[in-house]
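What follows is the residue order along each chain.
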Amino acid sequence: MSKPRIFVPNRINEEVIQFLQQFGDVDYRAKEELISEEEFLDGLRKATALLCYSRQKINSKVLEQAPLLKIVSNIAVGYDNLDLEELTKRGIMATNTPGVLTETTADLTFSILMAAARRVTEADHYVKSGQWKEWFPSLMLGKDVYGATIGIIGMGRIGEAVARRAKGFDMEILYYNRSRKLDAEEKLGARYVSLEELLQKSDYVVVLIPLTAETQKFIGAKEIALMKKDAILVNASRGATIDEPALIQALQEKRIAGAALDVYEKEPVDPKNSLLKMANVVTLPHIGSATRETRAKMAMKAARNVVAAIKGEIPENLLNREVLQKIK
Ligand code: NAP
Ligand code: GLV
């Protein structure tokens, strides 16, 4: 019987490749940038398993070119790039990498909140560009984080890890989620409120819900209008959970004080996007989980999911359980 073919179209840790080689023929392209569509589809045609990052869109058009595919293993916790229905229909498993990136992403989320509050990126640019000619009392005045109110939309793994950091800053913690999180209420003193109340009362609104059909533009003009005039909106989930034109308009009209963004509706963000021209907006290039340690753990977790599927086992992080009916 021929060995399963594992397609890895982008760079991942070398030890993960060595691990995978014990279980199949690994078709590895050690490139950082996306390979061409032609090269990708060519690799996919022969693949039993695919390990990919969330920038790779996996839809029916792509899957038509993947007659042998048994699993798509996303190296990310978010999986809005995968058409789960289509994968299930075709009997292909889909997996993600929850948990291992939680603390790292919470660190980054809290750091962009702090950066926006204390104007860190703006002040850094001010000094480096030679604009700092003298010190004066109102130089780069920011907004307190310690003791302020944080509102977390999406109290999941990362939301709760952000709440733990907020507790260390003595913040009042409000949250909105589709289900109550009694554990976070008990341990962290987080208070479950309606979305409206959260938006009205929070100094920092932090979006950490996954992007799904229901959460597209979850925060739009109506929601932003409820926020305090001196509040800051933080998004580390997916760009499309916020109505970006509505956010731009609110910032231009100074209806909120600023924003801190790791994600955008379109990535990489268009260099002409107005958000990039605003000093009160912190803009990072989707690097929530980007530490050496965490990326290694994500890649290994994704690889273990592939190996389980190859061995005929149920991968730990299977997203489409219904697929098991199809492949039994
Ligand atoms: P998670 O544990 O699944 O948390 C998501 C939370 O959102 C859950 O508590 C869920 O509620 C809630 N939720 C889902 N849909 C909702 C809705 N329609 N209304 C209200 N609440 C809703 O996921 P996670 O590990 O924290 O990750 C969250 C997201 O962060 C990922 O999906 C990804 O998009 C993003 N992320 C970004 C980066 C980055 O680099 N910036 C890194 C990692 C993750 P239930 O508990 O009731 O299901
Ligand atoms: C990164 O954005 C992830 O979803 O893991």
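Preceding this paragraph is the structure being described.
Residues numbered from 1 in each chain as written. Chains lettered and ligands numbered in written order. Predicted model: local features only at pLDDT ≥ 70, side-chain atom pairs only at ≥ 80, totals over all residues. Heavy atoms only, no water.

Peer 1: Explanation requested: the site of ligand 1 in the structure shown.
Peer 2: Taken together, 26 residues surround ligand 1, and among them Asn177, Arg178, Ser179, Lys181 and Asp262 come closest. In the model, an oxygen atom of ligand 1 is placed 2.8 Å from a nitrogen or oxygen of the arginine 178 side chain. In this structure, an oxygen atom belonging to ligand 1 sits 2.6 Å away from a side-chain N or O atom of serine 179. Out of a free accessible area of 930 Å², ligand 1 has 88% covered by protein chains. Residue composition of the shell around ligand 1, by class: ten nonpolar, eleven polar and five charged. (Near = heavy atom within 4 Å. Polar contact = N/O pair within 3.5 Å; in protein donor to acceptor, adjacent residues only side chain to side chain. Areas by Shrake-Rupley, 256 points an atom, 1.4 Å probe, with all protein chains shown as cover. Nonpolar A, V, L, I, M, F, W, Y, C, P; charged D, E, K, R; others polar.)

Peer 1: Would you mind showing me how to read the environment of valine 206 here?
Peer 2: Turning to its location among the elements, valine 206 is positioned in strand β9 (residues 204-207). Each C-alpha atom, one on valine 206 and one on valine 193, is 14 Å from the other, the two residues being 13 residues apart in sequence. (Helix = DSSP H or I, 4+ residues; strand = E, 2+ residues; numbered from the N terminus.)

Peer 1: Got a minute to help me understand the site of ligand 2 in this structure?
Peer 2: Taken together, Ala76, Val77, Gly78, Leu101, Arg238 and His286 make up the full set of residues adjacent to ligand 2. The side chain of arginine 238 places a nitrogen or oxygen atom 2.8 Å from an oxygen atom of ligand 2. Calculation on ligand 2 without its partners gives an accessible area of 200 Å², and the protein chains cover 85% of this total. When its residues are assigned to classes, the shell around ligand 2 shows three nonpolar, two polar and one charged.

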